[in-house]
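# Coordinate inspection notes
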Amino acid sequence: MAATNFTVLQLMNKVMNRLREAEFSTATESDYSKLILGFLNDSKRVVEDSHNWDALRDTISITTAAGTSTYSVKNAGASQYTNDRTRILRVYDQTNETYLMKTSWNNIDSWQKYASGATQANPGFWAPAGFDSNKDIQIILHQIPAGTYTLDVDVYNPEEDKTSGSQTILVPWEPVMLHTLALAIEERGEDAGAQSNIIFQRYEKSIAEAIAYEQTQQNRGGNNEVTDWHVESCGW
């Protein structure tokens, strides 16, 4: 599937064309345009959650400090941030050239309550540790770092909701558009839902094809990454 960089407004107007309605000039010009924009954001989330898309993968480098075990996964200097939908895939200690093993927060908390566990050394384990005040995801390390290390954190980082017609999306546009169209048809209450069911079937075919295409381009798997995918049901 060819990558096409449609704007949010262009995607919204693709939906309007299929509804046989007038196109929007801006994404927020009316209550109805805001409704369609909301449906598009809902659909974007469904598509983002259906697969670990390469376009949403990122590597964020963080720097440790001696005696500190908890870190926010962000790099403000590179404008790299995370959110409450970010998933950490793996953590690599660039300084010591080794991958850290994932464990649970409870394990690290228990280990560090003991004097021997609280000693400082090269970290060998990591665990999710909630979010900071800006909603960036955090990790906790064990052992507690003994010095300055550079950690490369590989993340799956879904985008925030779109608010402007000039913005673009990173995931495949066609399943997002079709899912948005199905929601719009359902909201109108026409054809007792039959038409939205047809469009939803087209969405399922489109997203399956997009996932299959991406998987043929890359050597998937390895390093304990999750490769399974599923089509999100919307209850239709």
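Conventions and cut-offs
Residues numbered from 1 in each chain as written. Predicted model: local features only at pLDDT ≥ 70, side-chain atom pairs only at ≥ 80, totals over all residues. Heavy atoms only, no water. Helix = DSSP H or I, 4+ residues; strand = E, 2+ residues; numbered from the N terminus. Buried < 20%, exposed > 50% of the residue type's maximum accessible area, 1.4 Å probe, protein only. Contact = heavy atoms within 4.5 Å. Areas by Shrake-Rupley, 256 points an atom, 1.4 Å probe, with all protein chains shown as cover. Pairing = 2+ DSSP bridges. Core = buried A, V, L, I, M, F, W, Y, C linked by side-chain atoms within 4.5 Å. Salt bridge = Lys/Arg side-chain N within 4 Å of Asp/Glu carboxyl O. Phe/Tyr/Trp six-rings, centres within 6.5 Å; stacked < 30°, edge-to-face > 60°. Lys NZ or Arg CZ within 6 Å of the ring centre and 35° of its normal. Axes fitted to C-alpha atoms, helices over the stretch in contact; angles between N-to-C directions. Parallel < 35°, antiparallel > 145°, perpendicular 65-115°, else oblique.

## Topic: the overall build of the protein
When helices and strands are counted, the protein shows five helices and 10 strands. Sorting the 236 residues of the protein into buried and exposed places 42% on the buried side. Partitioning the intrachain contacts of the protein with sequence separation of at least 6 by distance along the chain shows that 71% fall at a separation of at least 24. By element, 46% of the accessible surface of the protein is carried by carbon and sulfur atoms, the whole surface being about 12,000 Å².

## Some details on the sheet that holds strand 7 (residues 125-131)
Two pairing modes exist for strands in a sheet, parallel and antiparallel, and in both the strands are linked by backbone hydrogen bonds. Spatially, the four strands line up as an open sheet ordered 2-8-7-5, and their pairing is mixed. Lying at the two open borders of the sheet, with one neighbouring strand each, are strand 2 (70-72) and strand 5 (101-102). Sheet topology note: the strand 7/strand 8 (residues 137-142) ladder contains five bridges and is antiparallel. Bridge pairing in strand 8 links Phe131 to Ile137.

## Here we look at the sheet that holds strand 4 (residues 98-99)
Pairing within the open sheet is antiparallel, and its four strands lie in the order 1-10-3-4. Unpaired on one side and paired on the other, strand 1 (57-63) and strand 4 mark the two borders of the sheet. Both strand 3 (residues 87-93) and strand 4 contribute to a ladder of two bridges, which runs antiparallel. Bridge assignment links Tyr92 to a residue of strand 4, and that residue is Tyr99.

## A closer look at the nonpolar core
Ranked by internal contacts, the top residues of the largest apolar core, which has 36 residues, are Met12, Leu19, Ile36, Val47, Trp53, Val171 and Tyr203. Mapped by element, the contributors of at least two residues to this core are helix 1 (8-18), helix 2 (31-48), helix 4 (173-188) and helix 5 (194-217). No other element matches helix 4, which puts nine residues into this core. Setting aside chain neighbours within four positions, we find Leu19 in contact with Tyr32, Leu181, Ala184, Ile185 and Arg188. Within the second largest apolar cluster, 14 residues are counted, among which are Tyr71, Val73, Val91 and Val155.

## With respect to the pattern of salt bridges
Across all of its chains, the model carries 12 salt bridges by this definition. A salt bridge links Asp154 to Arg90; the shortest N-O distance between them is 2.6 Å. Of this pair, Asp154 sits in strand 10 (residues 150-156) while Arg90 sits in strand 3, placing them 64 residues apart in sequence. In this structure, Asp154 and Arg90 share a single accessibility class: buried.

## Description of the pairing of strand 3
Counting buried positions over the seven residues of strand 3 gives five, a clear majority of the element. With six bridges connecting them, strand 3 and strand 10 associate as antiparallel partners. Directly across from Val91, in strand 10, lies its bridge partner Val153. What sits between the antiparallel neighbours strand 3 and strand 4 is a turn of four residues, in which Glu97 has the positive phi angle 55 degrees.

## Re the packing of aromatic side chains
Applying the stated criterion across every chain yields a total of five aromatic pairs. We note Lys14 situated over the ring of Phe6; from NZ or CZ to the ring centre the distance is 4.4 Å.

## A look at the packing of helix 1 against helix 2
Interaxial distance between helix 1 and helix 2 falls to 10 Å at its minimum, and their mutual angle equals 105 degrees. Between helix 1 and helix 2, the interaxial angle falls into the category roughly perpendicular. Contacts between helix 1 and helix 2 involve Val8, Leu11, Met12 and Met16 from the first element and Tyr32, Ser33, Ile36, Leu37 and Leu40 from the second.

## Details of the pairing of strand 10
Counting buried positions along strand 10 gives six out of seven residues, so the element sits mostly inside the fold. Pairing of strand 1 with strand 10, which is carried by seven bridges, proceeds in the antiparallel orientation. Bridged to Arg57 within strand 10 is Tyr156.

## A word on the environment of Thr98
Relative to the elements of secondary structure, Thr98 occurs in strand 4. Overall, the relative accessible area of 35% leaves Thr98 in the partly exposed class. Between the C-alpha atoms of Thr98 and Leu151, which are 53 residues apart in sequence, the distance is 9.7 Å. Excluding residues within four positions of it along the chain, Thr98 makes contact with Val91, Tyr92 and Asp93.

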